[in-house]
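Observations on the model geometry
Chain by chain, the residues:
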Amino acid sequence: MKNLLFLLPALVGWTASGQQLPHTDIMLFSMTSGADSIWRPVSPRFLTAFNLRGYNNQPYFFSNSDLYLTVQLPNDTTQTDIYNLNLASQSISRITQTTNSEYSPTLMFGGQRFSAVVVEEDGTQHLVSYPFDRSDNGRLEFPNLTGVGYHCWLSDTLAAVFLVGQNDLPHVLYTVGTRSQKLQRIVANPGRSLMPLAGGKLAYVQKATEQTWYLKIYDPQKQSSELLIKMPVGTEDFAILPNGAYICGSGAKLWQFRPGRQSSWQEAGDLSVYGVKNISRLAVSRDGKVAVVVN
């Protein structure tokens, strides 16, 4: 694994041969609650003018003003790196620059490190963490675990990991501890969005059939899952608002569901007025901003 380099704010391109990832953009909205208790998007901002023809995806709020994401510039046909968009100063920082590709930046408990899925030159996918103080060049959190596609942290020592299926086998969702390094199977055919909840629980999507996908909550203590609601058809990405409501996109529309208050998904906004055709991943800040991946 090559060293991680932390850089000053800059936009530096790579030249490589390979396949360009599909173009996506990120829009930012503030969310305001109406009389019907539905939070709706207002004050749109377009965040990815710096990379208009490139790949901008997998947003994650490290703070209310720091939005990390995975970026591939138009002339980087194989390389992805982690960038930070500081929303307060409106500045852009390239956080990683390696010969590997980094995906899915995720803040770890304690706020001293962040983790990312690293795809090495031979295609091996590991989960690696990096310190914000640059005290080391990154460490493998699970040295013997490969095929990590997506992840989130449920505590400072427990992660949920989506392992990519090999040889036509299904993808599988597990928990794994940094101390024991042991896998505990949750479910096959998970969605890619994994969200930590209070008490160390996990929100995730299970693709029960090709058309029927469910939003569920897993409790590592009980090693059991609770079904919340069926997802809109074809939707596996979701995020959680500060009031506990779930938000997702289907087509150009945002939908919202608050357990205990609503029994179905409620329309929260139509982004087609901004030229959006499709919504995929979402990220929510503690103060209620929503970053939306669109195309």
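Below is a short write-up of the structure. Residue numbering note: each chain is counted from 1, following its sequence as written. Local features are withheld for residues below a pLDDT of 70 in this predicted model, meaning they are given only at 70 or higher, and side-chain atom pairs are given and counted only at 80 or more; totals for whole chains, interfaces and linings count all residues. As a rule here, side-chain values come from all non-hydrogen atoms in the structure, and water together with hydrogens is ignored.

1. Points about the overall build of the chain
Numbering goes from the N terminus for both helices and strands, where a helix is a DSSP run of H or I of at least four residues and a strand is a run of E of at least two. Across its full length, the chain carries zero helices and 24 strands. The C-alpha atoms of the chain give a radius of gyration of 18 Å, which matches the 19 Å a tight globule of 295 residues would have. Each residue's exposure class comes from its accessible area (1.4 Å probe, protein chains only) as a fraction of the maximum for that residue type: buried when under 20%, exposed when over 50%, partly exposed otherwise. The burial tally for the chain puts 52% of its 295 residues in the buried class. The contact criterion used throughout is that any non-hydrogen atoms of two residues lie within 4.5 Å. The long-range fraction of contacts in the chain, counting pairs at least 24 apart against all pairs at least 6 apart in sequence, stands at 42%. For the accessible areas, the method is Shrake-Rupley and the probe is 1.4 Å, while residue cover comes only from the protein chains on display. A total of about 13500 Å² of accessible surface is found on the chain, and carbon and sulfur atoms cover 47% of it. Placing the 24 positive and 22 negative side-chain charges of the chain at their respective mean positions leaves the two points 6 Å apart. With the radius of gyration taken over C-alpha atoms, the globule rule is written as 2.2 Å times the number of residues to the power 0.38. Counted as positive: Lys and Arg. Counted as negative: Asp and Glu, with His and the chain ends omitted from the count. Lysine's charge is taken at NZ, arginine's at CZ, aspartate's at CG and glutamate's at CD.

2. Observations regarding the sheet that holds strand E6 (residues 91–94)
Whether two strands pair comes down to DSSP finding at least two bridges between them. In spatial order, the strands read E3-E4-E5-E6; together these four strands make up an open sheet with antiparallel pairing. The sheet is open, and its two edges are formed by strand E3 (55–61) and E6, each paired on a single side. The mean angle between the axes of side-by-side strands here comes to 30 degrees, regardless of whether they run parallel or antiparallel. Across five bridges, E3 lies against strand E4 (residues 66–72) in antiparallel orientation. Whenever a helix is involved, its axis is fitted only over the stretch in contact; in every case the axis is a line through C-alpha atoms, and angles between N-to-C directions fall within 0 to 180 degrees.

3. Some remarks on the layout of surface pockets
The space that makes up the largest pocket amounts to roughly 1100 Å³. Considered as a void within the structure, the second largest pocket measures approximately 330 Å³ in volume. A cavity, in this analysis, means grid points on a 1 Å lattice covering only the protein atoms where a 1.4 Å probe fits yet has no way out; a pocket is instead an open set bounded by protein on both sides within 12 Å along at least five of seven lines, and a residue lines either one if it has an atom within 4 Å of a point. As for the second largest pocket, its lining consists of 19 residues, of which Tyr55, Gln58, Tyr103, Tyr150 and Arg281 are closest to the centre. Grid points are joined across faces, edges and corners, and a volume is the space filled by probe spheres set on the points.

4. Considerations on the environment of Thr235
Looking at where Thr235 falls in the secondary structure, it is placed in the loop between strand E18 (224–230) and strand E19 (238–240). When the C-alpha atoms of Thr235 and Lys207 are compared, they prove to be 9.9 Å apart, with 28 residues separating the residues in sequence. Discounting chain neighbours no more than four positions away, the residues touching Thr235 are Trp213, Cys248, Gly249 and Ser250.

The analysis is restricted to geometry; functional conclusions fall outside its scope.
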